[in-house]
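Next come the chains, spelled out residue by residue.
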Amino acid sequence: MRYRKLGNTGLFVSELCLGTMTFGGQGEMWSQIGDLQQADADKLVGRALDAGINFIDTADVYSQGQSEVITGQALKNLNIPRDDVVVATKVFGPTGVDDPYRSAGVNNRGASRYHIMEGVKASLKRLQLDHIDLYQIHGFDPATPIEETVRALHTLVEHGHVRYVGVSNWAAWQIMKALGIAQHHGWHRFESLQAYYTLAGRDLERELVPLLKSENLGLMVWSPLAGGLLSGKYSREGQAEAGNRRASFDFPPVDRERGFDCIDVMREIADAKGVSVAQIALAWLLHRPAVTSVIIGAKRLDQLDDNIAACEVRLTDEELDRLDDVSALPPEYPGWMLERQGGYRREQLAQSQER
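Residues numbered from 1 in each chain as written. Predicted model: local features only at pLDDT ≥ 70, side-chain atom pairs only at ≥ 80, totals over all residues. Heavy atoms only, no water.

A. Quick look at the side chain of Ser63. The topology assignment puts Ser63 in the loop between strand S4 (55-57) and helix H3 (66-77). Apart from residues lying up to four places away in sequence, Ser63 is in contact with Phe23, Gly24, Gly25, Gln26 and Trp30. (Helix = DSSP H or I, 4+ residues; strand = E, 2+ residues; numbered from the N terminus. Contact = heavy atoms within 4.5 Å.)

B. The environment of Asp255, seen in detail. In this structure, Asp255 sits in the loop between strand S9 (218-222) and helix H8 (256-273). With relative accessibility at 41%, the residue Asp255 sits in the partly exposed group. For the pair Asp255 and Ser235, spaced 20 residues apart in sequence, the C-alpha separation works out to 14 Å. Here the side chain of Asp255 touches Glu257 through a polar contact of 3.2 Å, landing on its backbone nitrogen. Here the side chain of Asp255 touches Arg258 through a polar contact of 3.2 Å, landing on its backbone nitrogen. (Buried < 20%, exposed > 50% of the residue type's maximum accessible area, 1.4 Å probe, protein only. Polar contact = N/O pair within 3.5 Å; in protein donor to acceptor, adjacent residues only side chain to side chain.)

C. Spotlight on the pattern of salt bridges. Summed over the entire model, instances satisfying the criterion amount to 16 salt bridges. Where Arg47 meets Asp305, a salt bridge forms, and the shortest distance between an N and an O atom there is 2.6 Å. In this pair, Arg47 is assigned in helix H2 (residues 38-50) and Asp305 in helix H10 (residues 301-308), connecting sequence segments 258 residues apart. Residue classification places Arg47 among the partly exposed positions, given a relative accessible area of 32%. The closest approach of N and O atoms between Arg206 and Glu332, which form a salt bridge, is 3.3 Å. Of this pair, Arg206 sits in helix H7 (residues 204-215) while Glu332 sits in the loop between helix H11 (317-327) and helix H12 (335-354), and the two are 126 residues apart along the sequence. When its relative accessible area of 44% is taken as the criterion, Glu332 is described as partly exposed. The structure contains a network of salt bridges with shared partners spanning Arg202, Glu205, Arg288 and Asp324. (Salt bridge = Lys/Arg side-chain N within 4 Å of Asp/Glu carboxyl O.)

D. Spatial organisation of the sheet that holds strand S5 (residues 86-91). Read around the closed barrel, the eight strands follow the order S3-S4-S5-S6-S7-S8-S9-S10; overall the barrel is parallel. Taken pair by pair, the neighbouring strands of this sheet meet at an average axis angle of 30°, ignoring direction. Where strand S7 (residues 162-168) lies against strand S8 (residues 190-196), three bridges are found, and the strand directions are parallel. Bridging across to S8, Val167 finds its partner in Leu193. Against the sheet, H7 engages S8 and S9, with an angle of about 160° to S8. (Pairing = 2+ DSSP bridges. Axes fitted to C-alpha atoms, helices over the stretch in contact; angles between N-to-C directions.)

E. Molecular detail of the packing of H8 against helix H9 (residues 277-286). In contact at an axis separation of 8 Å, H8 and H9 are set at 105° when each is read in the N-to-C sense. Comparing their axes, H9 and H8 come out roughly perpendicular. Between H8 and H9, the residues in contact are Met266, Arg267, Ile269, Ala270 and Lys273 and Val277, Ile280 and Ala281, respectively. In terms of residue class, the contact of H8 with H9 is built from six nonpolar, no polar and two charged. (Parallel < 35°, antiparallel > 145°, perpendicular 65-115°, else oblique. Nonpolar A, V, L, I, M, F, W, Y, C, P; charged D, E, K, R; others polar.)

Nothing here speaks to function; it is geometry throughout.
See the structure below:
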């Protein structure tokens, strides 16, 4: 297991992060994703930590708060020293009427100062922790000024409730505006983005990856198997193994034809290496320079073990080229114009970097 710096911080996190969205099963939607209870969750967390994973990601909205409860209890049950694990959670959506730590009022959602301040207190109680290592805004709130959100997060860091702050599912312009506000006021800034990124969905590369590189933000990848599509368990004819998640929860959206074109190439490479198709999908992400950590979730130990094994898969330049070619994004403005006009200076820039 390799460890990478998170954004512009001195914090090192494992290249794989254990996602806990399969914990709890509270509510109709979440039960389709996973309904692991405490004993099974303890086993998954223990196996992940034994493999060298030191990074765990959850959210207050997962299973209406139950994912945080089970995650925190697992760390207690396993006697994990606090300094041995980096715990990340998120705030944005309502946690549900059955959540004992929050009300179901009109302000129990969004990225307002009100919701953030109440949300962090509830998450700390559920997780049984005295601080959260990475606190992330789970989505963009069109009703709340970005300045209000950034200032509230700064307050949490200053008060010691959280160590670092991040964001999930924001557009590049929204993140850049937040970074500018933080710099202007001397407030703590976002250090990471949690976003969807797979061979079957490389939209992130248009605007967000250049931003991450420019501003030195970490990238945590969610749904690296495209909701199970890139697990190799699906066929073009629509057949899938029984119990597969996409059969009941078809998310995230994917261009199926492009996805299966990718799977065809992935399967050839996987067969040649004697590994699973899922391991090729994960290994490709681990080879991407912008990626800090890939979030893996599982319902069973054998699924977790297969995902962890992806850390040992090395892809050759030829294999990476094949995967890049079959999954390449179609040209889109202004990208194709930036590429064309960038050629005016590309040779000079290359010569300058050689010196």
